[in-house]
Amino acid sequence: DIFVDDFLGLCQGRRQRRRVRRTLLHAIDDVIRPLDAEDDPARKEPVSLKKLRQGDCSWATIKTMLGWIIDTVNLTIHLPPSRVERLAAILASIPREQKRTSVRKWHKVLGELRSMALALPGARHLFSHMQHALATKIGGRVALRKGVHHALDDFRWLLDNIASRPTRIAEL
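Below you will find a few notes about this structure. Computed from a prediction, not measured in an experiment: that's the story for all the values here.

Some words on the packing of helix α4 (residues 103-117) against helix α6 (residues 146-164)
Think of two packed helices as two axes; the pair is described by the angle between the axes and how far apart they sit. Packing of α4 against α6 leaves a shortest axis separation of 13 Å and a crossing angle of 40 degrees. Compared by their axis directions, α4 and α6 come out oblique. For the pair α4 and α6, the sense of crossing is left-handed. Side by side, α4 and α6 meet where Trp-106, Leu-113 and Ala-117 of the first sit next to Val-148, Leu-152 and Phe-155 of the second. A per-class count over the contact of α4 with α6 returns six nonpolar, no polar and no charged.

Regarding α4
For α4, built from 15 residues, the straight-helix expectation of 21 Å at 1.5 Å per residue is met to within 8% by its first-to-last C-alpha distance of 20 Å. Along α4, the residues that are buried comprise Val-103, Trp-106, Val-109, Leu-110, Glu-112, Leu-113, Met-116 and Ala-117. In this fold, the buried residues of α4 make contact with β2 (68-71), α3 (81-92), β4 (100-102), α5 (128-135), β5 (141-143) and α6.

Details of the nonpolar core
Counting residues in each nonpolar core, the largest one holds 34 residues, and the members touching the most others are Trp-106, Leu-113, Met-130, Leu-152 and Phe-155. For this core, the secondary-structure elements that each account for two or more residues are β2, α3, α4, α5 and α6. Setting aside its immediate chain neighbours within four residues, Met-130 contacts Trp-106, Leu-110, Leu-113, Val-148, Ala-151, Leu-152 and Phe-155.

Brief notes about the environment of Lys-146
Among the secondary structure elements, Lys-146 is positioned in helix α6. The sequence separation of Lys-146 and Arg-86 amounts to 60 residues, and the corresponding C-alpha distance is 24 Å.

Focus: the packing of aromatic side chains
One pass over the structure, following the stated rule, counts one aromatic pair. The residue whose ring lies beneath Arg-114 is Phe-127, and the NZ or CZ to ring-centre distance is 4.2 Å.

Description of α5
Along α5, the residues classified as buried are Met-130, Ala-133 and Leu-134. One face of α5 carries all of its buried residues, which in axial projection span an arc of 100 degrees. Elements in contact with the buried residues of α5: α4, β5 and α6.

Definitions and limits used
Residues numbered from 1 in each chain as written. Predicted model: local features only at pLDDT ≥ 70, side-chain atom pairs only at ≥ 80, totals over all residues. Heavy atoms only, no water. Axes fitted to C-alpha atoms, helices over the stretch in contact; angles between N-to-C directions. Helix = DSSP H or I, 4+ residues; strand = E, 2+ residues; numbered from the N terminus. Parallel < 35°, antiparallel > 145°, perpendicular 65-115°, else oblique. Left-handed = near helix turned anticlockwise from the far one by under 90°. Contact = heavy atoms within 4.5 Å. Nonpolar A, V, L, I, M, F, W, Y, C, P; charged D, E, K, R; others polar. Expected span 1.5 Å × (residues − 1). Buried < 20%, exposed > 50% of the residue type's maximum accessible area, 1.4 Å probe, protein only. Core = buried A, V, L, I, M, F, W, Y, C linked by side-chain atoms within 4.5 Å. Phe/Tyr/Trp six-rings, centres within 6.5 Å; stacked < 30°, edge-to-face > 60°. Lys NZ or Arg CZ within 6 Å of the ring centre and 35° of its normal. Arc of directions from axis to C-beta.

Don't take any of this as a statement about function, it's just geometry.
In structure tokens form, the structure reads like this:
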């Protein structure tokens, strides 16, 4: 998940780190009002001290952002193992022989695939048949025709590919 107070700060050299960190923390104070005496007791500080102590706002060359692991030294991006497993589970839940599914399940499948497709090379263009199936649904059921299964097969191939190597940022 990402929230208003999540930032990804990048800088080169040790001298810039403190300035960039302070700029980001001041930006949060500019956007989200700091606590005052008249606030509800349930309202918490915009910048969590607990999270800061756990390492948020620390400098590293590998960070997890929006569910992706970004490596700035090797210039790669990849899904964490839990999301790779989730992608495999999604694809396994729709066998090639399945002819239809519920609209609710299809919305869920499309949403999760879209969230993972942002940094999978070539995945952005695999949604036309899957989206068309949703647009031409009959009642509460979505027909899973040949084109949909071909797109899902392409996602299966991408799953094997991303499991064997991280995606280079230049590929995106």
